[in-house]
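# Report on the structure
Given next are the chains, with one letter for each unit.
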Amino acid sequence: MKRSVKQVANDQSIETLKGIGEKTAKLFEKVGIRTVDDLLHYYPKGYDTYGKPQAIGELSEGETGTVAGFLKTGATGVHINGLSIVQVTISDMTGKLRLVWYHMPYLKNTLRADSHFIFRGRVTRKKNGLTMEQPQMFQPEAYEGLLSSLRPVYAQTKGLGNKTITSAVEQALAIRTLERDYLPASLRIANELAEYNFAIEHIHFPADKEDLTFARKRLVYDEFFFFLLAVRRLKDKRQDVQSLFSVKKQDECRRLLNELPYKLTDAQMRTLEEVLKDLRSGSVMNRLIQGDVGSGKTIIAVLALLAVCENGYQGALMVPTEVLARQHFESVTELFEKHGVDKNVVLITGSMTAKEKRIAYGKIASHEADMIIGTHALIQEKVVYDNLALVITDEQHRFGVAQREMFGNKGQMPHVLVMSATPIPRTLAIILYGDLDISVIDELPANRLPIKNCVVDKSYRPRAYRFIENEVKNGRQAYVICPMVEESEMIEAENVLDYTKILREHLPGIRVEYLHGKMKGKEKNQIMEKFAAGEIQVLVSTTVIEVGVNVPNATVMMIENAERFGLAQLHQLRGRVGRGDRQSYCIMVNASGNKEKNRRLDVLNKSNDGFYIASEDLKLRGPGDIFGIRQSGDLEFRLADIYTDAVTLKKVSEDVNRLLDRDEDLEEEENQELKKRLDRFMEEKYEKLNL
Ligand code: ADP
Ligand code: MG
């Protein structure tokens with residue numbers, strides 16, 4: 001990349017870049033980019049590769065394909081309702097392909113008889129056969145030169161396309177201030193890592209796959225490195241700290257345990273005892289509970305919170321979504337009422353009105369509230385606790401390490417319990433959660449029937465609708481998941497709004513409603529409450545319900561465009577059903593028409609076990625597969641994937657330990673840059689929390 005003379009500090013606004021005015025800057029802000037530095041770290045989510053031309057018979061519908069075409073006749077142009085269409089058909093021994101361009105009448109002059117081109121575009125099946133719409137075209141010699149190159153594809157937003165982002169990144173790279181590499185040279189050499197500035201440039205514009213792998217390896221290393229340094233800092237800070245909160249009385253907790261309508265599984269019981277023992281011990285608890293979806297983590301949390309409350313302390317439960325917060329709040333309130341537990345539960349979420357919040361804050365400060373349930377609104381500065389003794393984060397993998405610590409700082413070192421359904425093998429969990437003790441719930445409640453699964457194509461939809469209708473007639477409920485909220489020009493996938501309309505037509509007399517993340521908090525709550533109460537029978541939703549939602553009466557999970565989701569995510573979604581003693585079903589619709597994608601989905605079809613799924617997924621992708629769908633995006637890494645990068649993770653863990661164990665570790669001259677960087681890293685994490 002050519003470097004211009006003019007350099008800018010990397011914390012400058014992106015408005016210093018050519019072609020980015022206030023308006024475009026606003027769009028960039030939507031995807032979290034304000035500074036040149038943000039832009040440099042806005043890594044591509046994939047790369048366009050220019051593959052070898054394929055035979056027409058090898059093209060897959062719904063995907064970008066490349067063919068070499070010889071035009072026997074020239075293209076024809078027509079006008080239909082003011083729309084200009086240019087088209088031409090090419091063929092080879094394996095089939096025929098129609099090429100179509102809209103609004104480009106001048107192409108007719110280029111697409112002459114007896115000419116040769118390479119065409120590249122999305123393949124669809126139309127009434128008149130296999131079609132490529134708006135294909136790019138290349139001279140064969142020019143295409144040859146592109147063959148091994150990779151072009152970045154960025155996550156986009158409405159009005160902000162790939163071209164704009166790419167050109168902004170290109171400029172940012174040209175004018176950035178190069179950074180001193182903070183990784184000690186010894187580590188870089190030992191691990192054969194690229195230099196930092198090089199890696200940043202080549203993650204955006206790799207010369208070829210090898211180059212990309214090299215750049216990525218460095219940045220993955222960095223991500224793990226800082227994460228694990230932070231984990232180590234927490235661990236060292238916490239080791240065997242005396243707790244101010246000794247939870248000796250546990251009678252009421254045990255009374256409620258005995259009155260529950262079900263018996264805890266052995267695994268739940270073991271976990272509960274471990275938690276209660278920690279709470280009695282006099283040291284500060286730092287524990288992770290790992291348990292697959294539906295293994296019954298919530299009740300452990302509630303019992304632990306109750307134990308804390310009966311000793312005169314406050315306890316808090318933090319969850320990643322508002323929907324989940326409300327659900328936990330309602331079910332705990334109901335449980336306590338039913339069993340005469342005299343403890344005050346208070347809800348705090350971001351969408352509450354200022355007045356509602358003020359009242360809640362008041363109750364927390366005066367200790368009128370014993371138990372506090374909410375989203376990260378719980379850790380806002382304005383929330384002052386009286387004596388917070390236990391903090392539990394549910395589906396913790398959604399929160400960062402620093403958040404965990406932040407929450408810890410709210411009181412006088414409260415006990416910390418973290419609950420996660422991410423199926424991380426024990427060896428990796430020990431590394432990633434190095435600062436925590438681990439309990440595993442490796443057993444589902446006995447009343448569960450295994451979920452019945454199927455993977456189908458679009459033609460199965462009418463049958464699926466009849467099936468849902470039947471379940472509803474029997475008093476059950478269903479979820480239908482679509483990847484998109486509304487129709488998009490760029491992505492062909494089902495969307496919640498249109499799908500709801502269609503489904504209402506197919507299911508007359510049945511109440512079908514929708515839910516998605518762009519709705520107001522209040523609306524979302526209402527819909528969720530009505531679904532939980534059985535007033536809504538079919539809920540069409542995006543993945544906002546992915547985590548934690550518990551409506552045991554729901555027995556059908558139908559997932560549209562299942563091929564677009566990662567296996568772990570599908571497993572979470574499926575976990576919304578099969579939560580009671582009724583037979584439940586999961587219908588995965590592969591709408592791509594691409595049979596190859598069924599191989600991945602078959603893993604879910606065959607198994608309901610999160611660990612098995614994670615390990616099979618890894619086999620299908622292979623270590624270091626960087627083009628697959630990332631599974632652990634919620635573990636706050638941008639590039640790294642704990643499964644495919646497991647080997648690197650282990651290596652980094654060793655490096656970090658060695659670095660920190662070696663006497664005055666970070667104080668050494670060689671590590672000064674690193675130390676600065678680490679401080680900044682911790683600081684930035686806090687900043688993001690707006691604290
Ligand atoms: P998760 O581990 O996914 O958070 P939940 O705690 O939401 O799971 O539990 C799922 C459902 O199972 C809830 O309806 C809960 O009441 C129920 N449940 C929990 N433990 C048991 C058990 N031992 N026997 C029967 N049902 C249980
Ligand atoms: Mg849960």
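What comes next is a walk through the structure. (Residues numbered from 1 in each chain as written. Chains lettered and ligands numbered in written order. Predicted model: local features only at pLDDT ≥ 70, side-chain atom pairs only at ≥ 80, totals over all residues. Heavy atoms only, no water.)

### Regarding the pattern of salt bridges
Definition in use: One speaks of a salt bridge when a side-chain nitrogen belonging to Lys or Arg is within 4 Å of a carboxyl oxygen belonging to Asp or Glu. Runs of H or I in DSSP of at least four residues are treated as helices and runs of E of at least two as strands, each being numbered from the N terminus. Categorising residues by exposure relies on relative accessible area from a 1.4 Å probe, with only protein chains included: less than 20% of the type maximum marks a residue as buried, more than 50% marks it as exposed, and the intermediate range marks it as partly exposed.
Applying the stated criterion to the full structure yields 25 salt bridges. Of the charged contacts, one joins glutamate 469 and arginine 466 as a salt bridge, the two residues approaching to 2.8 Å between their closest N and O atoms. Linking glutamate 469 with arginine 466, this pair stays in helix 16 (residues 461-473), spanning three residues, or about one helical turn. For lysine 501, the salt bridge goes to aspartate 498, with nearest N and O atoms at 3.9 Å. Within this pair, lysine 501 and its partner aspartate 498 are both found in helix 17 (residues 496-506), separated by three residues, close to a single helical turn. What makes aspartate 498 partly exposed here is its relative accessible area of 28%. When salt bridges with common partners are traced through the structure, they connect Asp181, Arg188, Arg218 and Asp222 into a single cluster.

### Brief notes about the site of ligand 1
The cut-off we apply is this: The rule for a residue being near a molecule or strand is that one of its heavy atoms must lie within 4 Å of it. Distance and chemistry together define a polar contact, namely a pair of N or O atoms within 3.5 Å, with one atom able to donate a hydrogen and the other to accept it when in protein, and with adjacent residues in sequence counting only for side-chain atoms on both sides. Using the Shrake-Rupley algorithm and a 1.4 Å probe, accessible areas are obtained, with residue cover drawn only from the displayed protein chains. Only Asp, Glu, Lys and Arg are considered charged, only Ala, Val, Leu, Ile, Met, Phe, Trp, Tyr, Cys and Pro nonpolar, and every remaining residue, Gly among them, polar.
The environment of ligand 1 is made up of 18 residues, and the closest members are Gly294, Lys297, Thr298, Arg448 and Arg579. Here glycine 296 contributes a backbone N or O atom positioned 3.0 Å from an oxygen atom of ligand 1. At 2.7 Å from an oxygen atom of ligand 1 is found a side-chain nitrogen or oxygen belonging to arginine 579. Calculation on ligand 1 without its partners gives an accessible area of 570 Å², and the protein chains cover 88% of this total. Looking at the shell around ligand 1, its residues break down into five nonpolar, eight polar and five charged.

### Let's talk about the side chain of glutamine 583
Condition: Contacts: residue pairs with any heavy atoms within 4.5 Å of one another.
Residue position: glutamine 583 is located in the loop between helix 19 (567-574) and strand 21 (585-589). Only 3.0 Å separates the side chain of glutamine 583 from the backbone oxygen of proline 450, close enough to count as a polar contact. Residue contacts for glutamine 583: discarding those within four places in its chain leaves Leu449, Pro450, Ile451, Lys452 and Thr555.

### Side note on the pairing of strand 21
Going by this rule: Only strands that DSSP links by at least two bridges are regarded as paired with each other.
Counting buried residues along strand 21, four of its five residues qualify, which places the element largely inside the surrounding structure. As paired elements, strand 16 (residues 452-456) and strand 21 share five bridges and run parallel to each other. Its bridge partner lying in strand 21, asparagine 453 is registered against cysteine 586. With four bridges joining them, strand 20 (residues 554-559) and strand 21 adopt parallel strand pairing. Pairing of methionine 557 across the sheet is with cysteine 586, part of strand 21.

### A closer look at unusual backbone geometry
The phi dihedral of glutamine 134 falls on the positive side, at around 45 degrees, and the residue is not glycine. With respect to the element layout, glutamine 134 can be found in strand 7 (residues 129-138). Residues other than glycine seldom take positive phi values, yet histidine 367 does so here, at roughly 65 degrees. The residue histidine 367 is located in the loop between helix 13 (354-365) and strand 12 (371-374) in this model.

### Digging into the nonpolar core
Basically, it comes down to this: Buried Ala, Val, Leu, Ile, Met, Phe, Trp, Tyr and Cys residues that are joined via side-chain atoms within 4.5 Å together make up what is termed a nonpolar core.
The biggest cluster of nonpolar side chains holds 69 residues, and the ones touching the most others in it are Phe28, Leu39 and Phe225. Ignoring anything within four residues of it in the chain, the contact list for phenylalanine 225 reads Leu183, Leu187, Val652, Val656, Leu659 and Leu674.

### A word on helix 10 (residues 266-280)
Applicable threshold: In a helix, the anticipated span is given by 1.5 Å times the number of residues less one. Each C-beta atom gives one direction from the helix axis, and the arc is the one those directions make.
The end-to-end C-alpha distance of helix 10, which contains 15 residues, comes to 21 Å, matching closely the 21 Å that a straight helix rising 1.5 Å per residue would cover. Those residues of helix 10 that fall on the buried side of the exposure criterion are Ala267, Gln268, Thr271, Leu272, Val275, Leu276, Asp278 and Leu279. For helix 10, the arc enclosing every buried residue in end-on projection is 165 degrees, short of the 170-degree limit, so these residues lie on one face. Exposed residues pointing more than 90 degrees away from the buried face of helix 10 are listed as Asp266 and Lys277. Of the surrounding elements, those touching the buried residues of helix 10 are helix 9 (251-259), strand 9 (286-291), helix 11 (298-310), strand 14 (415-420) and strand 15 (437-441). Immediately downstream of helix 10, the backbone of glycine 282 shows phi near 95 degrees, a positive value.

### A closer look at the sheet that holds strand 17 (residues 477-481)
Rules: For helices, the fitted line uses only the C-alpha atoms of the stretch in contact; every axis is such a line through C-alpha atoms, and the angle between N-to-C directions lies from 0 to 180 degrees.
Judged by pairing direction, the sheet is parallel, and its six strands sit side by side in the order 16-21-20-17-19-18 without closing on themselves. The strands lining the two open edges of the sheet, one partner per strand, are strand 16 and strand 18 (512-515). Here the average twist between neighbouring strands, direction ignored, is 15 degrees. Contacts from helix 18 (residues 521-532) reach strand 17, strand 18, strand 19 (538-541) and strand 20, with the element oriented near 135 degrees to strand 18. Set on the sheet, helix 20 (residues 596-606) makes contact with strand 16 and strand 21; between it and strand 16 the angle comes to about 170 degrees.

Function cannot be inferred from these measures alone, as they are strictly geometric.
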